[in-house]
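Examining the three-dimensional arrangement
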Amino acid sequence: MSSLSRELVFLILQFLDEEKFKDTVHKLEQESGFFFSLRYFEDMVTNGEWDEVEKYLSGFTKVDDNRYSMKIFFEIRKQKYLEALDKQDRAKAVEILFKDLKVFSAFNEELFKEITHLLTLENFRENEQLSKYGDTKSARGIMLAELKKLIEANPLFRDKLQLPTLKNSRLRTLINQSLNWQHQLCKNPRPNPDIKTLFVDHSCGQPNGARAPSPVTNPLMGAVPKAGGFPPLGAHGPFQPMPAALPTSLAGWMANATPVPHPAASAGPIGLTAPNNAAAILKRPRTPPTNNPALDYQSADSEHVLKRSRPFGIPDEVNNLPVNILPVPYASQSHGQSSYSSDNLPKTVVMTLSQGSAVKSMDFHPVQQILLLVGTNIGDIMLWEVGSGEKIAHKTFKVWDLSRCSMPLQASLKNDYTVSVNRVMWSPDGALFGVAYSKHIVHIYSYHGSDDLCNHLEIDAHVGSVNDLAFSYPNKQLCIVTCGEDRIIKVWDAANGAKLYAFEGHEAPVYSICPHHKENIQFIFSTATDGKIKAWLYDNVGSRVDYNAPGQSSTTMAYSADGTRLFSCGTNKEGESHLVEWNESEGAIKRTYFGLGKRSVGVVQFDTTKNRFLAAGDEFTVKFWDMDGLNLLTSTPADGGLPPSPCIRFNKEGTLLAVSTEDNGIKILANSDGIRLLRTVENRSFDASRMAPAAIVKAPNIGTFGPNNATIGTIIGDRAASVAAMVGMNSDSRSLADVKPRIADESVEKSRIWKLTEINEPTQCRSLRLPDSLTAMRVSRLIYTNSGVSILALASNAVHKLWKWQRNDRNLNGKATTSVAPQLWQPSSGILMINDIGDTNPEDAVPCFALSKNDSYVMSASGAKISLFNMMTFKWVPGEASGPITYATYSCDSQSIYVSFEDGSVGVLTASTLRLRCRISPAAYLLPNPSLRVLPLVIAAHPSDPNQFALGLADGGVHIIEPLESEGKWGTSPSVENGAGPSTTSDAEPPQR
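Here we summarise the structure given alongside this text. (Residues numbered from 1 in each chain as written. Predicted model: local features only at pLDDT ≥ 70, side-chain atom pairs only at ≥ 80, totals over all residues. Heavy atoms only, no water.)

The next thing to look at is the packing of aromatic side chains. Taken as a whole, this structure holds 23 aromatic pairs when the rule is applied. Geometrically, the ring pair formed by Phe503 and Trp536 is stacked, given 5.4 Å between the ring centres and 15° between the ring planes. Of this pair, Phe503 sits in strand β13 (residues 499-504) while Trp536 sits in strand β16 (residues 532-537); the two residues are 33 residues apart in sequence, bridging distant segments of the chain. Seen from their ring centres, Phe567 and Tyr593 are 6.5 Å apart, and the 45° between their planes marks the pair as tilted. Highlighted residues: Phe567 in strand β19 (residues 566-571) and Tyr593 in strand β21 (residues 588-593), separated in sequence by 26 residues. By the burial criterion, Phe567 is buried, and Tyr593 matches it. Linked through ring pairs, Phe36, Tyr40, Phe41, Tyr56, Phe60 and Phe157 together constitute an aromatic cluster. For the cation-ring pair, Arg67 lies above Tyr68, with the distance from its terminal atom to the ring centre recorded as 5.5 Å. Sitting over the face of the ring of Trp825, Lys804 holds its NZ or CZ atom 4.1 Å from the ring centroid. (Phe/Tyr/Trp six-rings, centres within 6.5 Å; stacked < 30°, edge-to-face > 60°. Helix = DSSP H or I, 4+ residues; strand = E, 2+ residues; numbered from the N terminus. Buried < 20%, exposed > 50% of the residue type's maximum accessible area, 1.4 Å probe, protein only. Lys NZ or Arg CZ within 6 Å of the ring centre and 35° of its normal.)

Okay, structure coming up:
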């Protein structure tokens, strides 16, 4: 919508308000999203019109747009929930809990459990945090004050809380001026014309010889302006003419595209109109235009635009930068694409790195291609040398200078200090790397070899999450490009962190960015979570492209290593994934690749290599395509253990591939050249970081293959010379026959000097004895909760002890730490979690316990019956539906609990409510044998299929059991209205097999 059309909406809003069409005014405010009326919002909140409140908000934001929006919706729904509880309307409260509040459990499971626990209280004010809750009116007033602050801080409401300054009846005045002007244009204007309609232009009747220069006196109008005081019609009027049809030169990216909602929209090809023939370079129409001689278009077969000897963003001088890292090329490189086959793909697992937390992003060093940079879901960054499997650097998240951070960031960190890494990326020369975090911040580190990382820049980049980061070279100046939850793309000076550009125009959070250049024209592709693709030049004119990604998906774009082919891969909210190649000349999809799963979990990540292959992590495997084919070329499960959509990353030569694993690790896959590269590194007898710091090494062209006799720019003594020969830089023709396919089990530290670290003094480590007011007994089992905020112990007397760390000024993230003592936690009832011990001698018992993934329940035993406890209330749920329990375990998704009984039956419980939804009788899986009593002793849940499990029987047999294909799952959960709550009574559905 153009700016004048937007202004017209404001004029209509003013007119409707003056005419007292109140409901229509607010409906237009909501549908246009141009003005948010705080007064109207305040009235609805004060009156408790919750449905209308959310309906009005929906015109401006959604629950998951950003943290401010999420907080707004949460506070409203929480208040609605508390009011239902206050009225003792339990049914309504349960409905609100599961219909409105359940969505927030994915973001804060502990809080949702605490809210759910309020249902068990006679008066929710018994909860310490709600003890000061007054009456409904005062509570709404307090909440309203908080909501106003959140709305004012929310970037989505920026410039929407104030109406423009307008004179009264501005729309009437404009119509009045138009009618006066029309009357002036009459050939024979009459005095005091009678204007009866606005549907057609005014025109006086047949001439009668009278001239009437007097002003029009219709009540709708004012005095006639002076002649010549009106601008030409259509030049500045509030109604813009329909845009003319796009000329043939605009076919391509702008063809079939949705209108660009920015006044800066350009009519240039691919939308990237700029000096230096930017349009011509980025979009080559088949026929040059005849109506714009100022633009010099190139033909579609202009090969010099496509042919480049270096990757995007790296000028020639980058290859001459001083780098004190030894590049390690290898001899058996090929020179043409024709020699590649699927055998060139890295599919052999050669090493597994234990990361310790979930991998979110990875990037290999562009020069020393055995260095892998990793970012995780808890804000850690690590640098691995994959040749030795050594972690050479590790940084945890910490704000370097909190005083220079914005107030929203300080407030966010005060409430929750935990962050996740969204992106790690090396600069083109490997001297810097950037880290984009899930909260506002971007960190830039300088790297000087070995474990030498130095803080370089801390940028408070975006409001909310920083979703992506990249490096680029506009005007031969190294810059950092970022995008975020606030829907903005920003460009920063990599030397001093100064903001150079800010590109606005996306209507949803910006998901990814892809800087690129053709010849001397630099530009950026950006994609948003609503599936929109835009392109920007380094100016402040606005986006040049507004196009839809396949499937309206969250999409990542990437060029081939030589910069000539553009690809994208994305996954939409329905789990549909699309991997395509784009025709840049046409602005359309050139090729769609087949083989991705129809219901992907998370967003599928992909990468390109060798200007020939594509790879994507999907369906617990790594899948490969030939760029020139359509169908899946090959795939590998990497020996198993991958998550549904693993994170993947090639090194620059495509000889190594890093893949994240389900158990928070990384597998390194290699082809034959990659194995040789790692063997070379393993066998070298020196540490490259000990080389003379003044040594200058010329980096190889990234993504291209140099000749076999390439040499190091400056010989670094005898060691460097020997290494050059060793790594095959001087026509090394050794056979690969002696290379072992797996090197993970071989010692790579034989040549390294190693010394045991000994801790002998209290000053050499940090320790803390946890406070304990209960009877001191031997600790039999100990476990951290999955969230890392608590420790659960099982003592030899069958009593459980739970310590919780509280979030406070000394412990901002509330995680377990030796710096702050935790609380030995007990519910207000004072009960303990105590296992049944029966007649078992505690010394002979084998205690055990297991936590659900969301820390809601613990299954435990101390030699007798298995107990199931609620971790919030410590209440014990007996399982006597079919006799004593022999074993129990969670399904892989923690949504179900499988329980076996002494009578041979197996029960399937819904984990969230502990209700039995299916019972499997022994007759369903055992052959009848009256003389032999067979019972299941152990259960194993399938690691990825939540509906399959295995039973280990007393007679030595093992059975695998899963539901019928027509059913797909074990029964259905009873509805909340039918009595939600822990139960194992015998009202299950008929058994399934």
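That covers the picture; the talk isn't over yet.
Turning to helix α12 (residues 407-415), its buried residues number three or more, namely Leu409, Ser412 and Leu413. Looking down the long axis of α12, one finds its buried residues gathered within 95° of arc, a one-sided arrangement. Those residues of α12 that are exposed and aimed more than 90 degrees away from the buried face are Met407 and Lys414. Where the residues of α12 are buried, they touch α5 (67-86), β8 (441-447) and β9 (453-460). (Arc of directions from axis to C-beta. Contact = heavy atoms within 4.5 Å.)

Moving on to empty space enclosed by the protein. Scanning the entire structure with this criterion turns up six cavities of 30 Å³ or more. Looking at the second largest cavity, the residues that line it are Glu110, Lys113, Thr785, Ser787, Val789, Ser790, Leu802, Lys804, Asp855, Met871 and Met872. Among the secondary structure elements, those contributing two or more residues to the lining of the second largest cavity are α7 (109-117) and β31 (800-804). Tallied by class, the residues present in the lining of the second largest cavity amount to four nonpolar, three polar and four charged. (1 Å grid on protein atoms, 1.4 Å probe; cavity = no way out; pocket = protein on both sides within 12 Å on 5 of 7 lines; lining within 4 Å. Points joined across faces, edges and corners; volume = space filled by probe spheres on them. Nonpolar A, V, L, I, M, F, W, Y, C, P; charged D, E, K, R; others polar.)

Tracing the sequence through the fold places Lys160 in the loop between α8 (136-153) and α9 (170-184). For the buried residue Lys160, which engages in no salt bridge, the nearest side chain bearing the opposite charge is Glu507, 8.8 Å off. A polar contact of 3.3 Å, which involves the side chain of Lys160, links it to the backbone oxygen of Gly33. Excluding residues within four positions of it along the chain, Lys160 makes contact with Gly33, Phe34, Phe35, Phe36 and Phe60. (Lys, Arg positive; Asp, Glu negative; His and termini not counted. Salt bridge = Lys/Arg side-chain N within 4 Å of Asp/Glu carboxyl O. Polar contact = N/O pair within 3.5 Å; in protein donor to acceptor, adjacent residues only side chain to side chain.)

We now examine the sheet that holds strand β18 (residues 554-559). With antiparallel pairing, four strands are arranged side by side in an open sheet as β18-β19-β20-β21. Either end of the sheet is taken by a strand with one partner, and the two such strands are β18 and β21. Strand after strand, the sheet turns through a mean of 30° between neighbouring axes, direction not considered. Note that β18 and β19 share six bridges and pair antiparallel. (Pairing = 2+ DSSP bridges. Axes fitted to C-alpha atoms, helices over the stretch in contact; angles between N-to-C directions.)

Moving on, we get to the environment of Leu150. By secondary structure assignment, the location of Leu150 is in helix α8. Aside from chain neighbours lying at most four places away, what touches Leu150 is Tyr68, Lys71 and Ile72.

It is the contact of helix α4 (residues 50-57) with α5, at a shortest axis distance of 11 Å, that shows an interaxial angle of 170°. Between α4 and α5, the interaxial angle falls into the category roughly antiparallel. Residues Trp50, Asp51, Val53, Glu54 and Leu57 of α4 lie in contact with α5, whose contacting residues are Ile72, Phe73, Ile76, Arg77, Gln79, Lys80 and Glu83. Of the residues contributing to the contact of α4 with α5, the split by class is six nonpolar, one polar and five charged. (Parallel < 35°, antiparallel > 145°, perpendicular 65-115°, else oblique.)

Bringing unusual backbone geometry into the picture now. At Lys20, a position not held by glycine, the phi torsion is positive, near 65°. Here Lys20 lies in the loop between α1 (3-18) and α2 (22-32). We note that Ser169 has phi near 55°; this positive angle belongs to a residue other than glycine. A residue is classified by how much of its surface remains accessible, and Ser169, at 24% relative accessible area, is partly exposed.

Spatial ordering of the open sheet is given by β2-β3-β4-β5, a layout of four strands whose pairing is antiparallel. Each edge of the open sheet carries a strand with a single partner, namely β2 (359-364) and β5 (390-395). Strand-to-strand, the axes of this sheet are offset by a mean angle of 20°, without reference to chain direction. Bridge count for strand β3 (residues 371-376) against strand β4 (residues 381-385) is five bridges, and the pairing is antiparallel. Along β4, the bridge assignment pairs Leu373 with Leu383.

With that settled, the discussion passes to the side chain of Asn835. Structurally, Asn835 is set in the loop between β32 (823-825) and β33 (848-851). When its relative accessible area of 4% is taken as the criterion, Asn835 is described as buried. Engagement of the side chain of Asn835 in a polar contact is seen with the side chain of Ser867, the distance being 3.2 Å. When sequence neighbours within four positions are dropped, the list of residues in contact with Asn835 reads Leu794, Ala798, His800, Ser860, Ala861, Ser862, Ser867 and Phe869.

With that out of the way, let us pick up a negative patch on the surface. A contiguous patch of negative charge, built from Asp23, Asp43, Glu49, Asp51 and Glu52, is present on the exposed surface. By secondary structure assignment, the location of Glu49 is in the loop between α3 (38-46) and α4. Classification of Glu49 as partly exposed rests on a relative accessible area of 36%. (Patch = residues over 30% accessible without salt bridge, like charges linked within 9 Å, V, L, I, M, F, W, Y side chains within 5 Å. Areas by Shrake-Rupley, 256 points an atom, 1.4 Å probe, with all protein chains shown as cover. Charge placed at Lys NZ, Arg CZ, Asp CG, Glu CD.)

Now for the packing of α5 against α8. Running from N to C, α5 and α8 cross one another at 170°; their axes reach a closest spacing of 9 Å. The angle between α5 and α8 falls in the class roughly antiparallel. Judged by residue contacts, Tyr68, Lys71, Ile72, Glu75, Ile76, Gln79, Glu83 and Asp86 of α5 engage Thr136, Ala139, Arg140, Met143, Glu146, Leu147, Leu150, Ile151 and Ala153 from α8. Considering only residue class, the contact of α5 with α8 consists of nine nonpolar, two polar and six charged.

In a structure, side chains of opposite charge can pair up when their charged atoms sit close to one another. Under the counting rule described, the total for this entry stands at 23 salt bridges. Residue Arg423 pairs with Asp468 through a salt bridge whose shortest N-O separation is 3.0 Å. With Arg423 in strand β6 (residues 421-426) and Asp468 in strand β10 (residues 466-472), the pair connects residues that are 45 residues apart, well separated along the chain. Connected through salt bridges with shared partners, the residues Arg565, Glu581, Arg591 and Asp628 form a single ionic network.

Side-chain alternation along β33 places Phe849 and Leu851 on a buried face and Cys848 and Ala850 on a face that remains uncovered. Looking at chain direction, β33 and strand β34 (residues 857-861) are connected through four bridges and run antiparallel. What sits directly across from Ala850, in β34, is Met859. Between the end of β33 and the start of β34, which pair antiparallel, lie five residues, with Asp855 showing a positive phi angle near 65°.

The quantities given are spatial measurements derived from coordinates; they are silent on function.
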